[in-house]
Amino acid sequence: MSIEVLDESGHELDVDHLARLARFVMDRMRVHPLAELCIKAVDEDTIAQLNQQWMEKEGPTDVLAFPMDELRPGLLDEEPEEGVLGDLILAPAVAERQGATAGHGTLAELELLTTHGILHLLGYDHAEPDEHREMFGLQAELLREWGSAAKAPAADAAH
């Protein structure tokens, strides 16, 4: 997988951590191993401008997802499609405030927003109650798995 993480936000951002998370989520969703994803962290003015331009909404938002090749999660019995998943635009300053409000901090909020954005790129939405339940349930499951995987001790090379 080609995952590029660009930090133009002015905040300290662990780009390697976000790239590992994105790879984890894409693997779990059975996205083709050669799929491409770009994550760009920007300042509030930039995301507000993009939010106005593309979503016709005023002010900064936390994440924007721009799908490219309309890739969908792979099924167990078929080979996933190759292509460009798309671009995610994150606003770490917004994530910092939301993480503080939610009581789980900036990193956890950025993990949530990255996972949420990837699900949007894969065609998930939350406009209708049943879509909301499915997407947020899947998001919670992926973040639980990520938390468990991140806390698991590394395999001992001697074994």
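Here goes a summary of the coordinates provided.

Reading the values: rules and limits
- Residues numbered from 1 in each chain as written.
- Predicted model: local features only at pLDDT ≥ 70, side-chain atom pairs only at ≥ 80, totals over all residues.
- Heavy atoms only, no water.
- Core = buried A, V, L, I, M, F, W, Y, C linked by side-chain atoms within 4.5 Å.
- Buried < 20%, exposed > 50% of the residue type's maximum accessible area, 1.4 Å probe, protein only.
- Helix = DSSP H or I, 4+ residues; strand = E, 2+ residues; numbered from the N terminus.
- Contact = heavy atoms within 4.5 Å.
- Expected span 1.5 Å × (residues − 1).
- Polar contact = N/O pair within 3.5 Å; in protein donor to acceptor, adjacent residues only side chain to side chain.
- Pairing = 2+ DSSP bridges.
- Axes fitted to C-alpha atoms, helices over the stretch in contact; angles between N-to-C directions.
- Parallel < 35°, antiparallel > 145°, perpendicular 65-115°, else oblique.
- Left-handed = near helix turned anticlockwise from the far one by under 90°.
- 1 Å grid on protein atoms, 1.4 Å probe; cavity = no way out; pocket = protein on both sides within 12 Å on 5 of 7 lines; lining within 4 Å.
- Points joined across faces, edges and corners; volume = space filled by probe spheres on them.
- Phe/Tyr/Trp six-rings, centres within 6.5 Å; stacked < 30°, edge-to-face > 60°.

1. Considering the nonpolar core
Piece 1. Grouped together as the largest cluster of nonpolar side chains are 33 residues, with contacts concentrated most on Met 26, Met 29, Leu 37, Leu 85 and Ile 118.
Piece 2. Listed by contribution, the elements that provide at least two residues to this core are β1 (2-8), α1 (15-28), β2 (36-42), β4 (84-90), α4 (105-121) and α5 (129-151).
Piece 3. For this core, the element with the highest residue contribution is α1, accounting for 7 residues.
Piece 4. If we ignore the near neighbours within four places in the chain, the residues touching Ile 118 are Ala 22, Val 25, Met 26, Leu 37, Leu 85 and Leu 88.

2. Comments concerning α1
Piece 1. Taking 1.5 Å per residue, 14 residues should reach 20 Å; α1 reaches 20 Å between its end C-alpha atoms and fits that length.
Piece 2. Taken together, the buried positions of α1 are occupied by His 17, Leu 18, Ala 19, Leu 21, Ala 22, Phe 24, Val 25 and Met 26.
Piece 3. Sitting at the head of α1, Asp 14 places a side-chain oxygen 3.3 Å from the backbone nitrogen of Asp 16.
Piece 4. One or two residues past the end of α1 sits Arg 30, with phi positive at roughly 55°.

3. Digging into the side chain of Thr 61
Piece 1. On the secondary structure map, Thr 61 appears in the loop between α2 (44-55) and β3 (63-67).
Piece 2. Reaching out from Thr 61, the side chain makes a polar contact with the side chain of Asp 62 at a distance of 3.4 Å.

4. Quick word on the sheet that holds β2
Piece 1. Strands sit in the order β1-β2-β4-β3 across an open sheet of 4 strands; the sheet is mixed. Looking at which strands have only one partner, the edges of the open sheet turn out to be β1 and β3. If you compare each strand with its neighbour and ignore which way they point, the axes differ by 15° on average.
Piece 2. Across 7 bridges, the pairing between β1 and β2 is parallel. Note that in β2 the partner of Glu 4 across the bridge is Cys 38.
Piece 3. In this fold α1 packs onto β1, β2 and β4, with an angle of close to 145° to the strand it touches most, β1.
Piece 4. Lying on the sheet, α2 is in contact with β2, β3 and β4; it crosses β3 at an angle near 50°.

5. With respect to the packing of helix α3 (residues 92-102) against α4
Angle between the axes and distance between the axes are the two parameters that describe a pair of packed helices.
Piece 1. Contact geometry of α3 with α4 gives a least axis separation of 8 Å together with a crossing angle of 115°. Relative to α4, the element α3 is oriented roughly perpendicular. Handedness of the α3/α4 crossing: right-handed. Across the interface between the two elements, Pro 92, Ala 95, Glu 96, Gln 98 and Gly 99 of α3 pack against Gly 105, Thr 106, Glu 109, Leu 110 and Leu 113 of α4.

6. As for the layout of surface pockets
Piece 1. In this structure, the largest pocket spans a volume of roughly 400 Å³.
Piece 2. Around the largest pocket, the lining is made up of 19 residues, and of these Met 55, Val 63, His 116, His 120 and His 126 lie nearest the centre.
Piece 3. Among the secondary structure elements, those contributing two or more residues to the lining of the largest pocket are α2, β3 and α4.
Piece 4. The dominant element in the lining of the largest pocket, judged by the number of residues it contributes, is α4, at 5 residues.

7. Here's the deal with the packing of aromatic side chains
Piece 1. All chains considered together, the criterion is met by 2 aromatic pairs.
Piece 2. Centre to centre, the rings of Trp 54 and Phe 66 are 5.9 Å apart; their planes meet at 75°, and the pair counts as edge-to-face. One end of the pair, Trp 54, is in helix α2; the other, Phe 66, is in strand β3, with 12 residues separating them in the sequence.

The values are spatial; any link to function lies outside them.
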